[in-house]
Amino acid sequence: MTDIRYLAPRTLDEAVAAFAAAQGAARILAGGTDLLVQMRAGVVRPGLIVDIKKIGEMTEIVEPPEGGFRIGAAVAGATLAEHPRFGKVWPGVLEAINLIGSKQVQGRASPGGNLCNGSPAGDSVPAMVAAGAVVTIQGPGGRRTLPVEAVPAGPHRTSLAPGEILVSFTLPPRPAGSSDAYLRMIPRTEMDIAVVGLGASLTLQGGVVTAARIGLGAVAPTVLLVEEAGKALIGSRLDDAALEAAAAACRAACRPIDDKRGTIAYRTRVAGVLLKRTVAIAAARAQGGN
Amino acid sequence: MNVITDKLRVEDNKWIGQRTIRPDGADKVTGRASYAADNTMPGMIWGKVLRSPHAHARIRSIDTSKAEALPGVKAVVTAKDIVDFPLETSVMLGIQDMRWMCRNVMAREKALFHGHPVAAVAAINEEVAAAACALIAVDYEVLPHVIEIEDAIRDDAPILHDFAKFEGKPSNIAGTMTAKLGDVEAGFAEADIVVERTFRTRPIHQGYIEPQACTVSYSADGRATIWSSSQGQFMVRAMTSLLTGVPQSNIRAIPAEIGGGFGAKTIIYLEPVALLLSKKSGRPVKMVMTREEVMRATGPTSGSFSTVKIGAKKDGTFVAAKGDFYIQAGCLPGGPLRGPVGCSFAPYDIPNVLSVGYDVVSNRSKVAAYRAPGAPLGAYAAECVIDEIAEQLGMDPLELRLKNTARSGTKAAYGATFAKVTFEETIEAIRDHEHYKAPLDRNPRPGVKRGRGLASGFWYNAGGESSAQVNITEDGNVVVTTGHPDVGGSRASIANVTAELLGVDHGRVSVLIGDTASIGYSNLTGGSRVTFASAMVVTQSAEKVIGQLKERAAKIWKIDPEAVHWENGEARPAGPNAGQFPPLSLADLAAKASETGGPIGAGVQLNTAGAEPGFATHVVDVEVDVDLGIVRVLRYTAAQDVGRALHPSYVEGQIQGGVVQGIGWALSEEYLYDRQGRLENAGFLDYRMPVCSDVPMIEAVMLEIPNPKHPQGVRGVGEAPIVPPLAAIANAVHDALGTRFYSLPMSPPKVLERLDGG
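Residues numbered from 1 in each chain as written. Chains lettered and ligands numbered in written order. Predicted model: local features only at pLDDT ≥ 70, side-chain atom pairs only at ≥ 80, totals over all residues. Heavy atoms only, no water.

### As for unusual backbone geometry
Residues and elements named next belong to chain B.
Then step 1. Omega for the peptide link from Gly299 to Pro300 comes to -10°, which places this bond in the cis form.
Then step 2. Residues Leu744 and Pro745 are joined by a peptide bond in cis, for which omega reads -5°.
Then step 3. Along the chain, Pro745 falls in the loop between helix H21 (725-737) and helix H22 (748-755).
Then step 4. Even without being a glycine, Glu167 presents a positive backbone phi close to 50°.
Then step 5. The residue Glu167 is located in the loop between strand E9 (165-166) and strand E10 (169-170) in this model.
Then step 6. When its relative accessible area of 68% is taken as the criterion, Glu167 is described as exposed.
Then step 7. The residue Ala372 is not glycine, and still its phi comes out positive at about 55°.
Then step 8. Tracing the sequence through the fold places Ala372 in the loop between strand E19 (352-361) and helix H12 (375-393). (Helix = DSSP H or I, 4+ residues; strand = E, 2+ residues; numbered from the N terminus. Buried < 20%, exposed > 50% of the residue type's maximum accessible area, 1.4 Å probe, protein only.)

Okay, here's the thing in structure tokens:
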């Protein structure tokens with residue numbers, strides 16, 4: 001009844017050409033852990049599937065000479081977990097990516113897919129936002145970069161232009177005394193979807209916070225960068241007042257809905273709780289614990 | 001009893017009580033087990049159901065012409081093809097009324113819930129069938145709907161059924177059930193303390209992994225074969241026969257391996273529809289529900305709205321108990337009133353009891369049985385009130401229960417006078433357990449509080465009709481056939497029993513499940529009856545086989561059969577002939593079967609009796625994250641009188657499974673509806689059953705107090721363990737937080753709201 005074409009190009013140029021030519025009838029396939037579920041549910045019926053896993057740049061983890069990491073958008077969570085250094089530098093980003101789905105799903109699911117699915121509850125996104133990740137995008141008009149928080153445009157919508165493909169995430173070099181963490185509230189212990197998710201990235205020098213970024217998920221139409229929360233922490237020794245100010249900033253940033261997964265009151269309250277808990281973990285890691 | 005069962009003293013058992021390899025294990029772990037959806041046939045086509053998009057609507061007309069004209073469509077059925085059971089006359093099959101079942105499998109006058117089947121199509125593939133469903137034009141008159149009990153019983157509620165009257169007026173209360181003992185008002189007058197509380201629970205799905213599925217082939221000669229997954233192939237045959245008009249003799253129902261049922265597969269949805277599609281199309285028809293269809297349109301069990309009042313003397317003696325249980329039936333009558341009405345107070349010796357159940361219909365899918373149907377709802381209310389009485393009296397809740405236990409000779413409000421009650425033993429087992437004695441660190445970390453709770457439960461258990469055949473193969477091995485699907489280890493248990501009785505190695509016994517043509521009538525696998533009943537008929541069959549074997553040996557030896565003993569799998573001459581002849585093994589006798597009288601084998605068909613009730617007492621430790629409102633179960637110990645654990649791993653599995661389902665019920669599972677009456681969480685992501693990491697290892701304490709009315713002492717096991725957890729966990733949460741929750745689930749938003757003073 002419905003014919004679906006499948007392409008697995010070897011280069012990004014081919015992928016972009018095919019994707020753009022399909023004019024919206026195409027879907028990108030990375031791990032497929034969202035796409036195939038949506039197809040089965042009848043939510044999307046693509047005429048063309050462009051599998052990007054055969055494109056080298058999209059599946060590699062690179063440590064550029066200038067420092068940091070560049071992660072292909074289609075790298076599977078399990079692959080990232082096996083990388084010898086990534087998890088040591090970005091434990092929060094890694095734990096967030098590794099919370100997507102189950103062990104089996106981890107063999108396929110990618111951070112690029114998690115971001116482009118556009119769910120406000122995507123686990124890796126708040127951690128990437130906190131990390132200050134920058135994405136590289138390629139489309140018919142060439143390449144451009146965007147801060148990761150600029151990609152989500154609303155529930156299941158992104159700011160990518162027609163024909164554009166998310167290529168990679170670039171995470172900046174880390175100064176000494178830096179680390180990150182991600183926590184989510186789920187009613188179960190696993191196999192669940194975030195009711196609230198929060199990523200925190202910190203740099204401490206001599207016990208004082210010199211840099212802080214907070215990403216907050218599942219409390220608004222898109223994942224949020226909560227700049228006020230970061231500001232409240234910078235310059236502090238993570239004393240109760242600073243933490244409470246950052247928690248209040250997170251609560252204030254919430255624009256959640258009442259739905260089957262949580263209430264407005266619950267999500268708002270929990271955002272503040274997670275801020276304190278996540279920052280505590282990131283700080284302990286930054287200062288050499290765990 | 002007889003010689004054989006006298007030999008079955010526990011200390012002598014070689015196979016009974018052993019954790020033998022399960023007969024279905026290898027196929028299940030290698031993916032070879034054949035479940036209902038695995039069946040295919042040459043020429044097979046696919047059936048799909050068109051479901052109501054409205055929660056409540058009169059069906060003015062259905063036009064199927066466009067669907068029938070679609071290329072690839074082979075048949076369409078609607079309610080007019082299903083046998084109509086007029087509302088005036090009840091026709092019962094077991095506990096199911098065909099008036100409701102015919103309307104449940106296909107909406108007749110009205111669509112009664114979002115997802116109610118209104119038509120079905122068979123076509124060359126699933127996509128064509130789905131496209132054809134979309135071409136069926138149903139003219140609906142949309143009616144106001146009602147979902148929750150408290151809304152359904154209001155005077156101005158939309159009425160689902162004109163025929164239902166309560167106190168002389170049209171009502172959504174479709175029926176009541178009462179259990180009465182003594183004079184409850186006089187009882188309360190004697191009480192020093194009375195606690196009365198109201199409780200609410202949400203509908204819960206049975207959550208079996210395998211969706212309903214079947215293949216039906218209706219042949220040109222009017223005979224039908226059904227392959228499907230159910231808790232009773234004979235139920236499938238009988239109900240399909242009633243709903244299609246095809247006589248039972250013309251239907252062969254073949255049970256597939258079952259991927260979970262928990263009560264829900266004691267009724268059918270697809271088989272009659274598939275049969276009619278097959279009859280119309282002349283092709284075998286396969287139907288497989290999606291998970292979403294399973295969640296929307298099968299099961300669940302009832303939500304409830306209950307008020308329980310218990311009166312006690314200062315010393316803790318219970319003097320009166322009253323329960324009003326409003327139970328969701330779903331869209332058609334038949335909620336499990338018997339569970340809360342009969343079980344709630346049954347563990348206790350209370351002289352004055354009045355327990356009333358109300359069967360409340362609303363625009364939800366018709367409920368199906370779920371493990372001890374309805375009993376957990378009643379026990380939740382009663383056992384929480386008992387906890388509160390203990391608190392107010394300053395008594396240990398365990399001692400309060402111990403003081404009031406039903407004993408031998410106690411009369412229960414539901415009518416039984418108990419013969420042998422082993423409730424006290426379950427409480428003592430918990431009292432003496434290391435878990436109960438272990439100190440609890442109530443505030444292990446900032447933001448974390450812990451508590452311990454206790455509750456008990458009761459289930460009737462059941463006997464009923466079962467059939468078995470025990471055959472000796474030509475090469476001297478054993479094949480046992482019974483008539484019930486194995487949902488809880490009945491094959492493994494029967495293999496142990498048979499090996500024990502015949503004195504042969506367990507590996508020489510195969511246990512199979514017969515279809516409706518190959519074994520005599522056997523009632524459903526349900527009510528915790530199957531291991532009890534099938535062990536009984538298998539025991540009697542094996543005794544007959546041993547009688548035959550002794551006769552054959554006597555014939556060979558030319559001695560009196562009375563002078564032959566059967567021992568360790570061999571016939572031995574006894575009495576004056578002892579030692580005169582070398583023993584004859586099962587293989588020796590099988591080899592000579594033809595010349596000594598023919599094939600060796602025997603079957604027994606019985607309506608079994610003597611299933612004594614089941615009692616359970618549970619203790620649980622919980623931990624509450626007071627900033628997130630999350631309740632986690634840290635430790636759980638469940639004590640139950642199991643009679644005799646024929647296969648202990650399965651008995652433990654039953655207890656653990658029931659407890660885990662109870663944990664989900666207490667903490668996370670619930671049906672959520674939107675304002676249009678549509679289920680919002682029709683899938684495992686948002687219908688939150690616990691996953692492995694959510695629960696600790698459940699410790700099952702099996703008390704083996706033999707049931708004197710059963711040859712091996714078996715007592716039903718599968719249902720009692722889901723009865724106490726709701727209250728046990730609620731009581732533990734109270735112990736942790738000092739505040740009581742009167743509604744389930746105790747989900748994080750609800751807990752946090754309470755902690756914030758809401």
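### Details of the side chain of Ser668 of chain B
Residue and element names in this part refer to chain B.
Then step 1. With respect to the helices and strands, the residue Ser668 is situated in the loop between helix H20 (648-667) and strand E30 (698-703).
Then step 2. A relative accessible area of 19% means that Ser668 is categorised as buried.
Then step 3. In terms of polar contacts, Ser668 uses its side chain to reach the backbone carbonyl oxygen of Arg688, at 2.7 Å.
Then step 4. With residues up to four places along the chain from it excluded, the contact list for Ser668 reads Ile663, Arg688, Pro690 and Pro745. (Polar contact = N/O pair within 3.5 Å; in protein donor to acceptor, adjacent residues only side chain to side chain. Contact = heavy atoms within 4.5 Å.)

### Observations regarding the pairing of strand E10 (residues 165-171) of chain A
Residue and element names in this part refer to chain A.
Then step 1. The element E10 is extensively covered by neighbouring structure, given that six of its seven residues are classed as buried.
Then step 2. With five bridges connecting them, strand E6 (residues 134-139) and E10 associate as antiparallel partners. Pairing of Val135 across the sheet is with Phe169, part of E10. (Pairing = 2+ DSSP bridges.)

### Focus: the domain arrangement of chain B
Residue and element names in this part refer to chain B.
Then step 1. When cut into domains, chain B gives domain 1 (3-33 + 462-608) and domain 2 (419-460 + 612-758).
Then step 2. Listed per partner, the contact involves 28 residues of domain 1 and 22 residues of domain 2.
Then step 3. Of the roughly 1,900 Å² buried at the junction of domain 1 and domain 2 (both faces included), carbon and sulfur atoms supply 55%.
Then step 4. The largest share of the area that domain 1 buries against domain 2 comes from Arg19, Ser528 and Phe532, three residues that together contribute 31% of it.
Then step 5. In this structure, the connection of domain 1 to domain 2 is made through one salt bridge.
Then step 6. A salt bridge links Glu652 to Arg19, with the nearest nitrogen and oxygen atoms 2.9 Å apart.
Then step 7. If you look at where domain 1 meets domain 2, you find 14 residue pairs in polar contact (both at pLDDT 80 or more).
Then step 8. Listing elements by their share of the side of domain 1 that touches domain 2, those giving two or more residues are helix H16 (490-502) and helix H17 (530-557).
Then step 9. The residue makeup of the side of domain 1 that touches domain 2, split by class, is eleven nonpolar, 14 polar and three charged. (Domains from an automatic or database assignment. Buried area = accessible area lost by both parts, 1.4 Å probe. Salt bridge = Lys/Arg side-chain N within 4 Å of Asp/Glu carboxyl O. Nonpolar A, V, L, I, M, F, W, Y, C, P; charged D, E, K, R; others polar.)

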